[in-house]
Amino acid sequence: MILVNMFKKILVPIDGSPHSEKAIRTALSIIKIDENALLTLLHVIEPTILHSAAPRYDTLPAITPTITMSEDSKIVDMKRGYEILKWGKEIVVMSGINVNLETKVTVGSPEDEIVREASQGDYDLIVIGSDKPKGIKGIGAGLVSKLIKNTPCSIMIIK
């Protein structure tokens, strides 16, 4: 089958949502064909965005986002990130499919971190869940369109 030859390294960004679970299960159905494939679950922690006032030429305050992360929020977010990865790993184990699995957590913009991992990791496929009923529209459109434009591999969007 053609999928065996095409997808040896699969990246699945997850956030703990039902759509992430669908993405994991879809990746597993592909890997079931070739159990030598590598499945990587990635969770991206977004830094807290704080707004600060910055003067504009007309002297009215403008809101400029500043990305910061306190030590307390880093600890809480990292714990949550590892819980999400543990949840994803449990889905993989419960599937009964023998798979080479790795998990990763990183901090940054989801768009940038997924593109970075896909590029540096030499993946063949990204499987990502989307809750957008009409595909690439709405709030999530930035993430999906950036992935389509900037990743060197195929992308499968699961609704």
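Every value quoted in this text rests on a predicted model; they were computed, and no experiment measured them.

About the criteria used
Residues numbered from 1 in each chain as written. Predicted model: local features only at pLDDT ≥ 70, side-chain atom pairs only at ≥ 80, totals over all residues. Heavy atoms only, no water. Core = buried A, V, L, I, M, F, W, Y, C linked by side-chain atoms within 4.5 Å. Buried < 20%, exposed > 50% of the residue type's maximum accessible area, 1.4 Å probe, protein only. Helix = DSSP H or I, 4+ residues; strand = E, 2+ residues; numbered from the N terminus. Pairing = 2+ DSSP bridges. Axes fitted to C-alpha atoms, helices over the stretch in contact; angles between N-to-C directions. Contact = heavy atoms within 4.5 Å.

Participant: So, the nonpolar core: which residues are in play, and what are the values?
Facilitator: In this structure, Ile-10, Val-12, Ile-24, Leu-39, Leu-41 and Val-127 are the most contacted members of the largest nonpolar core, which totals 24 residues. Of all elements in the fold, only strand E1 (9-13), helix H2 (18-31), strand E2 (38-45), helix H3 (71-95) and strand E6 (125-129) reach the threshold of two or more residues within this core. At six residues, the largest contribution of residues to this core is made by H2.

Participant: If you had to explain the side chain of Ser-20 to someone new, which residues and values would you point to?
Facilitator: If you trace the backbone, Ser-20 turns up in helix H2. Exposure remark for Ser-20: the relative accessible area of 4% places this residue in the buried category.

Participant: Describe the sheet that holds strand E7 (residues 154-158), with residues and values.
Facilitator: Across the sheet, five strands lie side by side as E5-E2-E1-E6-E7; this open sheet has parallel pairing. The open sheet is flanked by strand E5 (100-107) and E7, the only strands paired with a single partner. Between one strand axis and the next, the sheet turns through 20° on average, direction left out of account. Bridging between E1 and E6 involves two bridges; their strand directions are parallel. Bridged to Leu-11 within E6 is Ile-126. On the sheet, helix H4 (residues 110-120) packs against E1, E2, E5 and E6 and is oriented at approximately 155° with respect to E2.

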